[in-house]
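What follows is each chain in one-letter form.
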Amino acid sequence: MRIDVLALDGVFDLGLAAILDVFQTANELAGMSGLAVPKLEVRTIGMRRVVRTAHGLRVPLVPAGNRRPECIVVPALGFKMPEPLERALARPDVRDAALALKQWARRDTTMAAACVGTFVMAESGLLDGERSTTTWWLAPLFRQRYPNVLLDESHMVVKSGRMITAGAALSHVDLALWIVRSVSPQLAALVAKYLIVDSRPAQSAYALTDHLIHSDPIVERFERWARERLADGFSLDEAAKAVGASKRTLARRMQSVLGKSPLSYFQSLRVERAVHLLKTGDASVDQVAERVGYADGATLRNLLRRRLDVGVRELRR
């Protein structure tokens, strides 16, 4: 498999190294174990002659030439906050990269990106109409810049057609393993064991919801209102009045920041509170159900069972 890793100036050191190390380890273990797996032909290319990482290390590049890669991988840029990231996305080399990505995509190349690299991919327009994930704490910015992308930041790796996207920093490892798995599931499992990589199908277990909530005053006010009313039930009219916004504005801001409707987030808070009460107290499921506003324990049991089933499905992906 021919793989080109596209390194842009200021590339995230850990991301670039993780991808290259996974591919190198795969080639080494394929030879050691005697697996009949073709070698991964990996090159690091760039849009400029000289590329340095976010920490100032020079990246050895090879000319792209006329070789048609079977897979293009875009690691993250080393920018973790919205303002510096937006400035980086306006750079000429990033615009050139977006154009190059579109040209490669026309050749039936698999297009992959991780973390902030998903922004570079989205700049090309290739993710429009496709499912995608991204760095969980930059999801509000991603939705704002790319409204035509079907974003689901809860997942670690998302495949949509020939587009493969991965979430935050260490998802570079998950993305590289996904690519190895497409060549040989047995080899990917072996690499994961040697590198001691656990299955991480979802980012949602790591996302700090408070970080996202505090980025928007309307969402923050709604969250406080909701937590005080879990046992009373949900009313969109009352919620909008409490936060000082129209129902439409509240729904739009919730979707932009958390990717959920006000009702959906209210229900998730109920389940979260119920789980906490069951873990830390002696109350029965029926008693906890009453405290968080459910009519009976059967409803809460069904919701908890559904939550468990979703977790199991995620682990099996």
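Procedures and definitions
- Residues numbered from 1 in each chain as written.
- Predicted model: local features only at pLDDT ≥ 70, side-chain atom pairs only at ≥ 80, totals over all residues.
- Heavy atoms only, no water.
- Helix = DSSP H or I, 4+ residues; strand = E, 2+ residues; numbered from the N terminus.
- Buried < 20%, exposed > 50% of the residue type's maximum accessible area, 1.4 Å probe, protein only.
- Contact = heavy atoms within 4.5 Å.
- Areas by Shrake-Rupley, 256 points an atom, 1.4 Å probe, with all protein chains shown as cover.
- Salt bridge = Lys/Arg side-chain N within 4 Å of Asp/Glu carboxyl O.
- Patch = residues over 30% accessible without salt bridge, like charges linked within 9 Å, V, L, I, M, F, W, Y side chains within 5 Å.
- Pairing = 2+ DSSP bridges.
- Right-handed = clockwise from strand over helix to strand, strands pointing away.
- Disulfide = S-S within 2.5 Å.
- Axes fitted to C-alpha atoms, helices over the stretch in contact; angles between N-to-C directions.
- Core = buried A, V, L, I, M, F, W, Y, C linked by side-chain atoms within 4.5 Å.

Participant: Help me understand the overall build of the chain, please; the structure alone is not making it clear to me.
Facilitator: The secondary structure content of the chain amounts to 14 helices and eight strands. Dimensions of the chain, computed from C-alpha atoms along their principal axes, come out at roughly 65 × 45 × 35 Å. For the chain, the residues scored as buried account for 47% of the 317 residues in total. For the chain, the proportion of contacts with a sequence separation of at least 24, taken over those separated by at least 6, is 67%. Carbon and sulfur atoms make up 51% of the accessible area of the chain, which amounts to about 16,000 Å² in all.

Participant: What is the right way to read the pattern of salt bridges from this model?
Facilitator: Any two side chains of opposite charge can pair, given that their charged atoms come close. Scanning all chains against the criterion turns up 15 salt bridges. In this structure, Arg143 engages Glu153 in a salt bridge whose closest nitrogen and oxygen atoms are separated by 2.7 Å. Of the two residues, Arg143 is situated in helix 5 (residues 139-145) and Glu153 in the loop between strand 6 (150-151) and strand 7 (157-160); the sequence distance between them amounts to 10 residues. By relative accessible area, which is 11% here, Glu153 ends up buried. Here Glu220 ties to Arg224 by a salt bridge, and the two come within 3.8 Å at their closest N and O atoms. Taken together, the residues span about one helical turn, with Glu220 and Arg224 both in helix 9 (residues 217-228) at a distance of four residues. Assessed through its relative accessible area of 23%, Glu220 is described here as partly exposed. Overall, the relative accessible area of 43% leaves Arg224 in the partly exposed class. Residues joined in a network through salt bridges with shared partners are Asp4, Glu41, Arg43 and Arg67.

Participant: Could you clarify how one ought to interpret the environment of Ala245 in this entry?
Facilitator: In this structure, Ala245 sits in the loop between helix 10 (236-243) and helix 11 (247-258). Judged by its relative accessible area of 17%, Ala245 is buried. Along the sequence, Ala245 and Ile218 sit 27 residues apart, while their C-alpha atoms lie 7.5 Å from each other. Sequence-distant contacts of Ala245, defined by excluding residues within four places in its chain, comprise Ile218 and Ala240.

Participant: Looking at this structure, I do not really get the environment of Glu272. What am I missing?
Facilitator: Here Glu272 is to be found in helix 12 (residues 262-280). Between the C-alpha atom of Glu272 and that of Leu304, which follows or precedes it by 32 residues, the distance is 9.8 Å.

Participant: Got a minute to help me understand a nonpolar patch on the surface in this structure?
Facilitator: A cluster of nonpolar side chains, contributed by Met32, Tyr194 and Leu195, occupies part of the molecular surface with about 340 Å² of accessible area. Mapped onto the elements, Tyr194 comes out in helix 7 (residues 185-195).

Participant: Which parts of the structure should I look at to understand the pairing of strand 1 (residues 2-6)?
Facilitator: Burial within strand 1 is extensive, with four of its five residues counted as buried. Relative to strand 2 (residues 41-45), strand 1 runs parallel, the two sharing five bridges. Bridge pairing in strand 2 links Asp4 to Arg43. Remark: the strand 1/helix 1 (residues 13-33)/strand 2 crossover connection has right-handed handedness. Pairing analysis gives three bridges linking strand 1 to strand 3 (residues 71-74), with the strands arranged parallel. Paired with Asp4 across the two strands is Ile72, which belongs to strand 3.

Participant: Help me understand the state of the cysteines, please; the structure alone is not making it clear to me.
Facilitator: A covalent bond between the sulfur atoms of two cysteines is what we call a disulfide. Within the structure shown, the criterion is met by zero disulfides. Lacking any disulfide linkage, Cys71 is separated from the closest cysteine sulfur, that of Cys115, by 17 Å.

Participant: I'm lost on the sheet that holds strand 3 in this one. Help?
Facilitator: Strand pairing in a sheet takes place through backbone hydrogen bonds and is either antiparallel or parallel in direction. Within the open sheet, the six strands sit side by side as 2-1-3-4-8-7. Their pairing is mixed. Either end of the sheet is taken by a strand with one partner, and the two such strands are strand 2 and strand 7. For this sheet the average axis-to-axis angle between neighbouring strands, irrespective of direction, equals 15°. Sheet topology places strand 3 next to strand 4 (residues 110-114); four bridges connect them, and they run parallel. For Val73, the partnering residue across the bridge sits in strand 4 and is Ala112. In the packing of helix 1 onto the sheet, contacts are made with strand 1, strand 2 and strand 3, and the angle to strand 1 comes to roughly 165°.

Participant: Please clarify how the nonpolar core should be interpreted in this entry.
Facilitator: Generally speaking, nonpolar side chains in soluble globular proteins are found buried as a group. Counting 35 residues, the largest nonpolar core has Leu101, Met111 and Val120 as the members making the most contacts within it. Counting residues per element, the ones that place at least two in this core are strand 3, helix 2 (82-89), helix 3 (92-105), strand 4, helix 4 (117-123) and helix 5. When residues in this core are grouped by element, the largest group, six residues, is from helix 3. Setting aside chain neighbours within four positions, we find Val120 in contact with Leu8, Val74, Leu77, Leu89, Val94, Ala97 and Leu101. Of all hydrophobic cores here, the second largest spans 34 residues; its members include Val22, Val37, Ile164 and Val180.

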